[in-house]
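Residue-level structural notes
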Amino acid sequence: MALPFTEPTTGDPPTGDQAWTCFLSAANFKGPIAYYIPETWSKIGKLFNYPFIYGRGLMPAGMRGGGAMEINTVPRFDSADAKGVVYSKIPKLQFPVDEQGRSLLVQDVVYYSKAALYDAFRLGVMAGRVLRAV
């Protein structure tokens, strides 16, 4: 969820007020586990010349209809053919499966609009109220 922890700025690069926050709801924990400050995405926009993310933070439209998976530091083998074309090979990705051959990667994902928490949070901050987590 996007939360307005900071005010937007018009500097170079411009930065929005959306601190993207990951919440979990599990049997043994319920609450926020991580967030990205808006400056992260403004700096990425400037570095890679993605001005469409200026003033917004993370993804302009948010996630739509699915999750994503990132994999860091995967070993690979590179080889060039006789024409100099380089090919890369990475290890086959494998996931544990149940007795029906299925892997469960994401379950019960819930999407919220800004009206769910962002707007109320923003109004509370603008009114000078201290908001408490329930």
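Residues numbered from 1 in each chain as written. Predicted model: local features only at pLDDT ≥ 70, side-chain atom pairs only at ≥ 80, totals over all residues. Heavy atoms only, no water.

Structural notes on the overall build of the chain
As a reminder, the rule being used: Only DSSP runs of H or I reaching four residues or more are called helices, and only runs of E reaching two or more are called strands; each is numbered from the N terminus. For each residue, the accessible area found with a 1.4 Å probe, counting protein chains only, is set against the maximum for its type, and the residue is called buried under 20%, exposed over 50%, and partly exposed in between. Residue contacts are counted whenever heavy atoms from the two residues lie within 4.5 Å of one another. All accessible areas in this document rest on Shrake-Rupley with a 1.4 Å probe, and a residue is counted as covered only by the protein chains that are shown.
Scanning the chain from N- to C-terminus turns up two helices and five strands. Reading the chain from its N terminus to its C terminus gives the helix and strand order β-β-β-α-β-β-α. Here the chain holds 134 residues, and the buried ones make up 18% of them. In the chain, the proportion of contacts linking residues at least 24 apart, taken out of those at least 6 apart, comes to 34%. Total accessible area on the chain is roughly 11,100 Å²; 58% of this is exposed by carbon and sulfur atoms.

Focus: the environment of Tyr 111
With respect to the helices and strands, Tyr 111 occurs in the loop between strand S5 (86-89) and helix H2 (118-126). In this structure Tyr 111 comes out as partly exposed when scored by relative accessible area, which is 43%. Each C-alpha atom, one on Tyr 111 and one on Met 1, is 8.1 Å from the other, the two residues being 110 residues apart in sequence.

Quick look at the environment of Lys 114
In this fold, Lys 114 is placed in the loop between S5 and H2. The spatial distance from the C-alpha of Lys 114 to the C-alpha of Leu 3 is 8.4 Å, given a sequence separation of 111 residues. When residues no more than four places from it in sequence are discounted, the contact partners of Lys 114 are Gln 18 and Asp 119.

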